[in-house]
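Next come the chains, spelled out residue by residue.
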Amino acid sequence: MRAEDEARIVACIPSLRRYARGLTADREQADDLVQDTLERAWGRFSRWQRRGELRAWMFGIMHNHFIDGLRAQRRQAEYGAEPEVPEIPVRAAQADGLELRDLDRCLQRLPADLREVLLLVAVEEFSYRDAAQVLDVPIGTVMSRLSRARERLAALMARPEEEARPSSRLQSVK
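Remember, it's a predicted structure, so these values are computed and weren't measured experimentally.

Undergrad: Please clarify how the overall build of the protein should be interpreted in this entry.
TA: What the protein contains, in helices and strands, is eleven helices and zero strands. Reading the helices (α) and strands (β) of the protein from amino to carboxyl end gives α-α-α-α-α-α-α-α-α-α-α. A total of 174 residues make up the protein; the buried ones form 36% of that total. Taking the contacts inside the protein whose residues are at least 6 apart along the sequence as the reference set, 65% of them involve residues at least 24 apart. By element, 49% of the accessible surface of the protein is carried by carbon and sulfur atoms, the whole surface being about 11,100 Å².

Next comes the structure, spelled out in structure tokens:
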């Protein structure tokens, strides 16, 4: 591997960290996911063959590794082992810290497929085509998921406290 290629991989680390943090909501798990992604990218670099954007290829590696981890957790849960539940990180005490906490909680309430596409396109600024490549879905699916993710996130952000507790309609019926 050339030094230029190594530099391009290293340049992806901040973006990979942001995406991993959005997927896991846990700093340690995110760091582990980034490290695993980098190990796989370095080990499989010869397979990339410069056919597409390096960053999209690496995000694809991370996405696939994350999904594999979720599947493993489900299998553990089926056999009686309790899966690890990520804790919501504590934000800074500033006023915008509260908004970020609410956004993070609302993001974590989105289904994984919607959250992934929203993070790739809105946060990491991937094109629809590149996001489709990372997620291994058609571009139309990316656009549809993104639209649904934005709608759900807006609804959750409009009333985050109501989404977290049981419906008041059920409590008023006696």
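Still more to cover.
Undergrad: Looking at this structure, I do not really get the confidence of the model for the protein. What am I missing?
TA: Caution applies to low-pLDDT regions: their predicted coordinates should not be interpreted in detail. Looking at the protein, pLDDT values average 81 and 78% of them are 70 or higher. Averaged over each element, pLDDT in the protein is lowest for helix H11 (residues 168-172) (41) and highest for helix H9 (residues 139-158) (93). Counting interchain partners and residues more than four positions distant, the pLDDT-below-50 stretch residues 163-174 has four contacts.

Undergrad: What exactly am I supposed to notice about the side chain of Arg115 here?
TA: Relative to the assigned elements, Arg115 resides in helix H7 (residues 112-123). Despite being buried, Arg115 has no salt bridge partner; Glu116 is the closest side chain of opposite charge, sitting 6.1 Å away. What Arg115 contacts, discounting residues up to four positions off in sequence, is Gly22, Leu23, Phe66, Leu107, Gln108 and Leu110.

Undergrad: Which parts of the structure should I look at to understand the side chain of Asp130?
TA: By the element assignment, Asp130 lies in helix H8 (residues 128-135). For Asp130, a relative accessible area of 9% gives the class buried. Other than its neighbours up to four places away in sequence, Asp130 contacts Glu53 and Ala56.

What counts, and where the lines are drawn
- Residues numbered from 1 in each chain as written.
- Predicted model: local features only at pLDDT ≥ 70, side-chain atom pairs only at ≥ 80, totals over all residues.
- Heavy atoms only, no water.
- Helix = DSSP H or I, 4+ residues; strand = E, 2+ residues; numbered from the N terminus.
- Buried < 20%, exposed > 50% of the residue type's maximum accessible area, 1.4 Å probe, protein only.
- Contact = heavy atoms within 4.5 Å.
- Areas by Shrake-Rupley, 256 points an atom, 1.4 Å probe, with all protein chains shown as cover.
- pLDDT = per-residue confidence, 0-100.
- Lys, Arg positive; Asp, Glu negative; His and termini not counted.
- Salt bridge = Lys/Arg side-chain N within 4 Å of Asp/Glu carboxyl O.

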